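Listed below, chain by chain, are the residues.
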Amino acid sequence: MTGVNTMNCGGGKENSLTHSSKTRKNTVTSVWTPASGFSGEVVFQASVVESYRMMWKNIESEIVSI
């Protein structure tokens, strides 16, 4: 992924993404691979910043069953 870096959040390792440039992004695509043997439900969460005054937080996906 060009212009996107992983981060460690909430005690996890490389469990979140952030941009690494100010270049406008219309989409960000990523592939998540669960840990070996993982079984359960996952909800993906996002925050989107358009400008200093316009942002959306706590955007959640549908529940994904693994």
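For the structure itself, consult the block above.
Analysis parameters
- Residues numbered from 1 in each chain as written.
- Predicted model: local features only at pLDDT ≥ 70, side-chain atom pairs only at ≥ 80, totals over all residues.
- Heavy atoms only, no water.
- Pairing = 2+ DSSP bridges.
- Helix = DSSP H or I, 4+ residues; strand = E, 2+ residues; numbered from the N terminus.
- Phe/Tyr/Trp six-rings, centres within 6.5 Å; stacked < 30°, edge-to-face > 60°.
- Buried < 20%, exposed > 50% of the residue type's maximum accessible area, 1.4 Å probe, protein only.

S.K.: I tried to follow the pairing of strand β5 (residues 54-60) on my own but got confused; where do I start?
M.R.: When a strand is regular, its side chains alternate between the sheet's two faces. Bridging between strand β4 (residues 45-51) and β5 involves five bridges; their strand directions are antiparallel. The residue of β5 that forms the bridge with V48 is W56.

S.K.: Teacher, can you tell me more about the packing of aromatic side chains here?
M.R.: Here a ring pair, both rings aromatic, is described through the centre-centre distance and the interplanar angle of the planes. What the rule picks out here adds up to one aromatic pair. Note on W32 and F44: the rings are 5.5 Å apart at their centroids and 80 degrees apart in plane angle, and the pair reads as edge-to-face. On the criterion of sequence distance, the pair formed by W32 in the loop between β2 (16-19) and β3 (41-42) and F44 in the loop between β3 and β4 is long-range, its members being 12 residues apart. We classify F44 as partly exposed; its relative accessible area is 36%.

This is a description of form; function is not addressed.
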